[in-house]
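# Architecture at a glance
Chain residues, written in single-letter form:
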Amino acid sequence: MDPKYSAQDVARCDLCKTAIAQSYCDFCHVNLCKLCIGEHISDEYDKHKIVPILQRKSTLNYPKCEIHQNEICQYQCKDCNIFVCSHCLASKQHKEHEFLKLEESFSAKKSHILKDREELEEQILPTYEEIAIDLENQITNLDGEYKKLTSEMLKQREEIHREVDNAFDQMELDIGEIKVKHHSILQKHLDEIKQLQSLMQQTLLALNEIEESNEVTSIIHYSSKNEQFIKLPPKVHVSMPKFIPKQRKKEQLCSLIGKLTPLSTTLEERVFTAKKPNTSVRELLDEPEVLNTIKTGYKQLRSVTCLTEEEIWTSGGTADIKCFNTQGVLQKTTKTKSGNVPLDIAVYSDGALLYSDGITRTVYKVKNDQTEEIIRLQGWIPINLCVTSSGDLLVTMHSDDKTQSKVVRYSGSTVKQTIQFDEEGQPLYSGNGKIKYISENRNLDICVADFGARAVVVVNQAGKFRFRYTGHSSSTKNKPFKPYGITTDSQSRILTSDGDNHCIQILDTDGQFLRYIDNCDLGDPWGVCVDSDDSLFVCEFYKGNVKKIGYSK
């Protein structure tokens with residue numbers, strides 16, 4: 001219902017302008033009350049289309065045919081990419097061309113528009129709001145962060161000042177000690193000189209007395225001391241200590257203080273992750289049980305995929321791709337266009353079937369019994385397929401010489417992403433041409449059962465390596481772990497078929513082993529899939545049976 005016509009905003013008749021409108025002309029696009037309907041259609045114009053107001057714009061307004069006047073185009077020619085009327089269908093110009101009903105295309109496009117609006121309104125726009133809030137918070141916190149940075153620098157400044165002051169204080173103490181030593185040296189020599197001066201004064205007095213004496217004995221025994229006094233004491237030279245400032249450069253001082261890292265800006269790739277609705281927790285059953293067995297008739301049953309309980313698609317060692325319901329009744333059979341055995345199958349959400357052909361290096365799409373080529377490779381061979389929750393297609397492939405393997409994401413026929421190497425440039429997947437079944441987890445991780453590497457390899461949506469699971473040690477499983485098929489359930493658990501040990505291994509979203517499904521008499525389990533109710537479908541390769549197993553509650 002159009003929000004313009006809610007109970008709070010009642011639509012009025014466009015003719016009388018007062019009465020409440022109960023009807024709507026879907027051709028003229030006017031609101032009408034009961035009394036004005038007759039007036040509106042009185043002009044004998046045969047194109048009027050009166051519908052209830054709540055069904056406004058439910059009648060399609062088809063384009064007019066440019067060739068046949070007064071005819072409307074209800075079809076589109078896929079070959080010419082133009083709108084055509086019923087007369088155009090029979091013309092020679094469009095002989096053997098393929099046509100689409102505009103009503104079906106309109107409905108499909110309307111559904112897509114509704115999905116886009118909901119995704120934009122409920123997922124993408126809120127994500128941008130979160131990004132904007134994060135940036136606003138960063139800007140708000142900017143002053144505080146830079147204040148903290150300045151405080152750290154001032155702390156270093158105070159510490160260096162304190163250390164410098166301590167160094168100068170110590171140097172002042174050293175100068176004081178040197179001064180005391182200097183004074184002591186000079187004082188010692190001064191005392192010696194004064195002692196000699198005193199002795200000379202005494203000698204001078206004695207000489208004065210002798211000079212005036214007439215005593216012969218004292219004069220005769222006089223001995224001169226001048227030679228002793230003439231010999232002068234050595235001159236003392238004590239060099240004054242000097243302060244020699246250390247020459248320094250500004251850069252050296254800065255390095256002593258510390259350094260400030262430059263402003264660094266990096267752009268980290270954001271990966272939009274649609275918010276998944278909360279689902280109830282499904283715990284694992286103590287004893288999984290076989291709910292049903294579908295006999296497919298294949299001698300080599302490889303793949304199974306399901307959209308609903310009425311459409312369980314299977315493929316094996318023939319060109320036939322068979323569709324069963326959950327009771328095992330064959331619904332329909334599709335043959336590959338080339339007659340080659342399909343390597344794998346998948347189903348789009350609209351029911352279109354996909355299959356890979358290794359001989360023609362092609363992925364085909366089958367819809368309404370019409371087969372079209374959507375991907376054709378050169379130098380690479382498509383192997384296994386997975387349709388993602390966003391409608392993209394993941395394809396595992398190996399090179400012609402079987403030395404390289406990779407996962408490629410397609411939107412239609414356009415390559416969106418290639419996953420081949422880890423962050424060290426090492427190959428993520430073995431390059432031996434072996435099967436590599438693939439599944440997307442509910443957390444959008446990409447899970448690959450790498451048979452050749454005997455490992456389950458998991459990367460995130462951006463293709464970054466998360467973990468590699470190489471099996472669980474068990475006394476009851478005596479053969480090496482070789483994963484064949486792989487699928488995931490509503491709890492983001494990973495289920496992979498361990499064909500040589502005739503069981504299914506269940507892992508959690510981080511690759512931790514949870515348990516085996518080994519009580520259901522599985523024979524050479526291969527391809528697997530899980531339906532919307534978390535029922536597990538398992539291909540038994542040589543028996544040709546699909547077993548439906550309940551393993552959670």
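Presented here is an overview of the structure given in this document. (Residues numbered from 1 in each chain as written. Predicted model: local features only at pLDDT ≥ 70, side-chain atom pairs only at ≥ 80, totals over all residues. Heavy atoms only, no water.)

## With respect to the overall build of the protein
Counting its regular elements, the protein contains seven helices and 30 strands. C-alpha extents for the protein along the principal axes are approximately 175 × 80 × 50 Å. Across the 553 residues of the protein, 34% fall into the buried class. Across the protein, contacts joining residues at least 24 apart in sequence account for 43% of those joining residues at least 6 apart. Accessible area for the protein stands at about 35,900 Å²; split by element, carbon and sulfur atoms hold 51% of it. Averaging the coordinates of the 70 positive side-chain charges in the protein and doing the same for the 80 negative ones gives two points 4 Å apart. (Helix = DSSP H or I, 4+ residues; strand = E, 2+ residues; numbered from the N terminus. Buried < 20%, exposed > 50% of the residue type's maximum accessible area, 1.4 Å probe, protein only. Contact = heavy atoms within 4.5 Å. Areas by Shrake-Rupley, 256 points an atom, 1.4 Å probe, with all protein chains shown as cover. Lys, Arg positive; Asp, Glu negative; His and termini not counted. Charge placed at Lys NZ, Arg CZ, Asp CG, Glu CD.)

## Digging into the nonpolar core
Ranked by size, the top nonpolar core spans 26 residues in total, and within it V304, I486, I494, F537 and V546 carry the most contacts. Broken down by secondary-structure element, the contributors of at least two residues to this core are β8 (301-308), β21 (446-450), β22 (455-459), β23 (465-469), β24 (483-488), β28 (525-530) and β29 (535-540). Of the residues forming this core, the biggest block, three residues, is contributed by β8. When sequence neighbours within four positions are dropped, the list of residues in contact with F537 reads V304, C306, I312, G527, V528, C529, D531, V546, K547 and K548. Membership of the second largest hydrophobic core comes to 15 residues, among which are A346, V363, L393 and V395. (Core = buried A, V, L, I, M, F, W, Y, C linked by side-chain atoms within 4.5 Å.)

## Re the sheet that holds strand β2 (residues 30-32)
Read from one edge to the other, the open sheet built from three strands follows the order β2-β1-β3, with strand pairing classed as antiparallel. For this open sheet the edge positions go to β2 and β3 (50-52), each flanked by a neighbour on one side alone. Mean inter-strand twist for the sheet, computed between neighbouring axes without regard to direction, equals 35°. Sheet topology note: the strand β1 (residues 23-25)/β2 ladder contains three bridges and is antiparallel. Across the sheet, S23 pairs through a bridge with L32, a residue of β2. Contacts from helix α1 (residues 34-41) reach β1, β2 and β3, with the element oriented near 130° to β2. (Pairing = 2+ DSSP bridges. Axes fitted to C-alpha atoms, helices over the stretch in contact; angles between N-to-C directions.)

## Some remarks on the pairing of β21
The buried fraction of β21 amounts to five of the five residues, a majority that puts the element mostly inside the structure. Side chains I446, V448 and D450 project from β21 onto one buried face, and the interleaved C447 and A449 project onto a second face that is buried too. Looking at chain direction, strand β20 (residues 436-440) and β21 are connected through five bridges and run antiparallel. Residue Y437 lies in a different strand from β21, and its bridge partner there is A449. Turn length for the β20-β21 hairpin, with the two strands adjacent in sequence and antiparallel, is five residues, and the turn residue L444 shows positive phi of about 70°. Counting the residues between successive antiparallel strands, the hairpin from β21 to β22 contains four residues, one of them, R454, with a positive phi of roughly 55°.

## Observations concerning the sheet that holds strand β9 (residues 311-316)
If you trace the four strands from one edge of the open sheet to the other, you get β8-β9-β10-β11, paired in antiparallel fashion. Because the sheet does not close on itself, it has two edges, and the strands there are β8 and β11 (330-335). Neighbour-to-neighbour, the strand axes of this sheet turn through a mean angle of 20°, independent of strand direction. Note that β8 and β9 share six bridges and pair antiparallel. Counterpart to L301 in the pairing with β9 is G316.

## Remarks on unusual backbone geometry
The phi dihedral of E96 falls on the positive side, at around 65°, and the residue is not glycine. Examined against the element boundaries, E96 turns out to sit in the loop between α2 (86-89) and β6 (99-101). Judged by its relative accessible area of 77%, E96 is exposed. Non-glycine residue R454 carries a positive phi angle of around 55°. With respect to the helices and strands, R454 occurs in the loop between β21 and β22.

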